[in-house]
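What the coordinates show
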Amino acid sequence: MKPNEGKLQTGEHILAKIIEDKFPGTKVIIVRFEEEKGRLDVSSENDLRAVSLKELEKETNQIIEKGLEVRKTIFKREEVEKEFDLSKIPESVKEIRIVDIVGFDKRPCRDPHVKNTREIGYFKILKVERKGKDRYRFEFEVD
Ligand SMILES: [Zn+2]
């Protein structure tokens with residue numbers, strides 16, 4: 001595991017949830033992590049380049065500062081398939097790990113995460129770019 005991966009991953013869940021809530025219909029396409037940076041690609045009917053990154057960054061950090069517990073629990077696929085969109089997870093995967101940022105967001109993910117949002121530190125949103133007809137890419141890092 002890269003040193004910042006758990007922080008970037010957990011921060012990404014928070015950012016994705018905020019964007020999904022603000023712009024209903026927005027969906028996460030793919031998330032990638034490099035040594036120091038993360039990239040979140042989403043599809044949306046809204047032009048997300050018009051979003052204030054400062055505002056989004058502020059809202060993300062307000063959640064981080066709450067010090068929410070991050071729980072990881074493994075469920076059988078059939079136990080959670082109604083609650084979550086598992087379409088991107090191959091049918092052969094029978095056990096689904098749910099990452100629960102308690103009281104804020106739950107989603108399937110098998111990657112490393114921190115145990116408490118406060119461990120993320122400061123989450124900085126670097127830019128948003130359009131990457132196709134309705135595809136937008138957010139880049140971020142942690143401090
Ligand atoms: Zn994750």
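Going by the structure above, here's the rest.
The structure reproduced in this document is the subject of the present report.

About the thresholds
- Along each chain, the written sequence defines residue order, and numbers are assigned to residues from 1.
- Given that this is a predicted model, residues contribute local features only at a pLDDT of at least 70 and side-chain atom pairs are listed and counted only at 80 or more, while totals for whole chains, interfaces and linings are drawn from all residues.
- Strands are treated as partners if at least two bridges between them are detected by DSSP.
- Numbering of helices and strands starts at the N terminus; helices are DSSP runs of H or I of at least 4 residues and strands are runs of E of at least 2.
- Axis definition: a line fit to C-alpha positions, over the contact stretch in the case of helices; interaxial angles, taken between N-to-C directions, run 0 to 180 degrees.

**As for the pairing of strand β4 (residues 95-101)**
Pairing analysis gives seven bridges linking strand β3 (residues 70-76) to β4, with the strands arranged antiparallel. Within β4, the position partnered with I74 by the bridge is R97. Pairing of β4 with strand β5 (residues 105-108), which is carried by four bridges, proceeds in the antiparallel orientation. The residue bridging I101 from the neighbouring strand is D105, located in β5. Between β4 and β5, which pair antiparallel one after the other, the connecting turn spans three residues, and G103 there sits at a positive phi close to 85 degrees.

**Examining the sheet that holds strand β6 (residues 123-130)**
Here four strands make up an open sheet; going across it, the order is β1-β2-β7-β6 and the pairing antiparallel. This sheet does not close on itself; its edge strands, each paired only once, are β1 (27-33) and β6. Along the sheet, successive strands turn relative to each other by an average axial angle of 20 degrees, direction set aside. Alignment of strand β2 (residues 37-43) against strand β7 (residues 135-142), held across seven bridges, turns out to be antiparallel. Residue V42 lies in a different strand from β7, and its bridge partner there is Y136.

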